[in-house]
Amino acid sequence: MIELLDKKHHREDFDCGKELLNNYLKKQARQDIKRKLSACFVLSKNETIIQGYYTLSNNSIPLACFPEHIQKKLPKSYTSIPTTLLGRLAIDKKYQGQGIGKILLIDALKRSYEISQEIASFAVVVDPIDEEAEKFYNKYDFIKLPDSKKMFISIQTLQELFG
């Protein structure tokens, strides 16, 4: 079951092989939730062992950062386009290679799509931590933003999947 991170989840044993993502879950995620800076969702085994997690938060991207063919479809009066940030996505090493990344990504995209029906969001944006992460998002048709490492998938695309 994928649910919001809370006290019952054992964060201290989580190890995805990337120190930045481990430290976030262990030291910062609960503070970010309290401060309403991000929501952290976990997939857990036996309700306490974290197999993987992802974070979502509101975000915006300057209109000029989108590819030209997309800019043309958006009103020039918006200098910044509302988006949802899929900030982090990590799988514990013990569970890597079992499709959990795909499960978490689909959950994050579906949740983002559903929320976009009430709080406008043009796209879900990711900022891949490395080449491996970039390849992962590429596989799911995320589009690279020009002049940046960030990638996005439009809510319109998600509507075709989940609508």
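Structure first, text after, so check above.
Sequence order sets the numbering: in each chain, residues are counted from 1 along the sequence as written. Where totals are concerned, whole chains, interfaces and linings use all residues; where local detail is concerned, this predicted model gives features only for residues with pLDDT of at least 70, and gives and counts side-chain atom pairs only at 80 or more. Excluding hydrogens and water, the side-chain figures rest on all heavy atoms present in the structure.

A. Structural context of the overall build of the protein chain. Working definition: helices are DSSP H or I runs of at least four residues, strands are E runs of at least two. Numbering for both runs from the N terminus. Counting secondary structure elements, the protein chain contains 5 helices and 7 strands. Mapped from its N terminus to its C terminus, the protein chain presents α and β elements in the order β-α-β-β-α-β-α-β-α-β-β-α. Radius of gyration: over C-alpha atoms. The globule rule applied is 2.2 Å multiplied by the number of residues raised to the 0.38 power. Against the globule reference of 15 Å for 163 residues, the protein chain gives a C-alpha radius of gyration of 16 Å, in line with a compact fold. Projected onto its principal axes, the C-alpha positions of the protein chain cover 50 × 30 × 30 Å. When a residue's accessible area, from a 1.4 Å probe over protein chains only, is under 20% of the maximum for its type it is buried; when over 50% it is exposed; and in between it is partly exposed. Counting over 163 residues, the protein chain shows a buried share of 42%. Contacts are assigned to residue pairs that have any heavy atoms within 4.5 Å of one another. The long-range share in the protein chain, meaning contacts at least 24 apart out of those at least 6 apart in sequence, stands at 64%. Per-residue and other accessible areas were derived by the Shrake-Rupley procedure at a 1.4 Å probe size, with only the shown protein chains allowed to occlude residues. Carbon together with sulfur atoms contributes 51% to the accessible area of the protein chain, which is approximately 9,500 Å² in total. Charge separation in the protein chain, taken as the distance between the mean sites of 25 positive and 21 negative side-chain charges, equals 3 Å. His is not counted, nor are the chain ends, whereas Lys and Arg count as positive and Asp and Glu as negative. Throughout, a charge is located at the NZ atom of Lys, the CZ atom of Arg, the CG atom of Asp or the CD atom of Glu.

B. A look at the pattern of salt bridges. Basic side-chain nitrogens of Lys or Arg form a salt bridge, by our definition, when they fall within 4 Å of a carboxyl oxygen of Asp or Glu. Evaluation of the coordinates by the stated rule reveals 10 salt bridges. Ionic pairing is found between K135 and E131, a salt bridge with its closest N-O pair at 3.9 Å. Here K135 pairs with E131, and both are found in helix 4 (residues 131-139), just 4 residues apart, close to one helical turn. For E134, the salt bridge goes to K144, with nearest N and O atoms at 3.4 Å. Of this pair, E134 sits in helix 4 while K144 sits in strand 6 (residues 143-144), and the two are 10 residues apart along the sequence. Judged by its relative accessible area of 23%, E134 is partly exposed. Salt bridges here are not isolated pairs; linked through shared partners, they connect E3, K8 and E47.

C. Layout of the sheet that holds strand 7 (residues 151-154). Read across the sheet, 7 strands follow the order 1-2-3-4-5-7-6 without closing on themselves; strand pairing throughout is mixed. If you trace the sheet from one side to the other, it starts and ends with strand 1 (2-4) and strand 6, each paired once. When strand 2 (residues 39-45) meets strand 3 (residues 49-62), the two strands line up antiparallel, connected through 7 bridges. By the bridge assignment for strand 3, L43 is matched with G52. Lines fitted to the C-alpha atoms define the axes, with helices restricted to the stretch that makes contact. Angles between their N-to-C directions range from 0 to 180 degrees. Helix 1 (residues 19-34) rests against strand 2, strand 3 and strand 4 (80-91) of the sheet, and its axis sits at about 65° to strand 3. In this analysis, strands are considered paired if DSSP registers two or more bridges between them.

D. View of unusual backbone geometry. The phi dihedral of K36 falls on the positive side, at around 60°, and the residue is not glycine. Turning to its location among the elements, K36 is positioned in the loop between helix 1 and strand 2. Overall, the relative accessible area of 73% leaves K36 in the exposed class.

E. Inspection of the side chain of S154 at higher detail. For S154, the location among the structural elements is in strand 7. Exposure remark for S154: the relative accessible area of 14% places this residue in the buried category. Between N or O atoms, a polar contact is any pair within 3.5 Å; within protein, one atom must be a potential hydrogen donor and the other a potential acceptor, and residues adjacent in sequence are included only when both atoms are from side chains. Polar contacts involving the side chain of S154 include one to the side chain of T157, which spans 2.9 Å. In this view, S154 contacts F122 and A123; residues no more than four positions away in its chain are not counted.

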